[in-house]
Amino acid sequence: MPDRPDNRSPLALSTAPPAQRHNHDGGTVPFMVTECQQWPWHPAPVPSALPVRQAWGWLFVPDGRCVVLLDTAYWLPLLPGGKIEQADVGDPTRALIRETREEAQAALADPCYLGYVYDAEGTVFGGGGPYARVRYAARVTHIAAAAPDPAGRSLLRLLAPPRQAIELFGWGEQAHLQAEAAERIACDRWGLRLTPGAKVEEIPGQGMAW
């Protein structure tokens, strides 16, 4: 693990129960594995009558790992992306690019639509569902220095092999299907394959470039 830019000890993921997790300052990242979300996966275009409220991405760096974010308020692992805002003029791809820049300070290329998950209730959006949550694969071309997002949050930025990332998310079978679709795009379109021995690591605070 790389040293933290604030000179604290290197970070590693812990799956221990909350009471047994090491303190963050002690050098281990606690995280909350979410309960399996029963959102059916659809590798198809979103039906015209179904509103799209969210765009997240499986975002690949050249060694085949993906960017994963940890919301340190809840130690909740997330894919980069977010809600579709007015500035996105209804375009999920624009939302993904904007949110990734704001949350992960990362630039993307070649976003490829994978499909959507069907959220029947839309609780996180204040209810009123059903909604679609769309998923993309994309290449990361540059990661700038860490910075707070527009809401003032500082998200912990990680790189993780896709198959390890899905164990963090707790999304059940649909996470495996998403990851498989994303990996096919990464391999077939961009020639990216996971480097042997790749592991979960924190992105350096100063960023990365290729």
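Going by the structure above, here's the rest.
Because the structure is predicted, anything quoted here is derived from the model rather than measured.

Caption draft 1: Region of the structure containing the overall build of the protein. Regarding its fold elements, the protein presents three helices and twelve strands. If you take every contact in the protein between residues at least 6 apart in sequence, the share linking residues at least 24 apart comes to 69%. If you sum the accessible surface of the protein, you get close to 10000 Å²; carbon and sulfur atoms cover 53% of it.

Caption draft 2: Region of interest: the pattern of salt bridges. Across all of its chains, the model carries eleven salt bridges by this definition. Taken together, the salt bridges that share partners define one network made up of Asp-71, Glu-103, Asp-149 and Arg-153.

Caption draft 3: Molecular detail of helix α1 (residues 92-104). Its 13 residues place the ends of α1 17 Å apart at the C-alpha level, agreeing with the 18 Å of an ideal helix rising 1.5 Å per residue. All of the buried residues along α1 are Pro-92, Ala-95, Leu-96, Arg-98, Glu-99, Thr-100, Glu-103 and Ala-104. Two residues or fewer after α1 comes Gln-105, characterised by a positive phi angle close to 55°.

Caption draft 4: How the structure looks around unusual backbone geometry. Note that the residue after Gly-129, namely Pro-130, is joined by a cis bond; omega there is 15°. Its place among the elements puts Pro-130 in the loop between β8 (106-119) and β9 (131-143). In the Ramachandran plot, Gln-105 falls in the positive-phi region, its phi being about 55° despite a non-glycine side chain. For Gln-105, a relative accessible area of 11% translates into the label buried. Of note, the phi angle at Asp-110 is positive, near 55°, even though the residue is not glycine. Note on placement: Asp-110 falls in strand β8.

The rules we used
- Residues numbered from 1 in each chain as written.
- Predicted model: local features only at pLDDT ≥ 70, side-chain atom pairs only at ≥ 80, totals over all residues.
- Heavy atoms only, no water.
- Helix = DSSP H or I, 4+ residues; strand = E, 2+ residues; numbered from the N terminus.
- Contact = heavy atoms within 4.5 Å.
- Areas by Shrake-Rupley, 256 points an atom, 1.4 Å probe, with all protein chains shown as cover.
- Salt bridge = Lys/Arg side-chain N within 4 Å of Asp/Glu carboxyl O.
- Expected span 1.5 Å × (residues − 1).
- Buried < 20%, exposed > 50% of the residue type's maximum accessible area, 1.4 Å probe, protein only.

Note that all results are geometric; they support no functional claim without further evidence.
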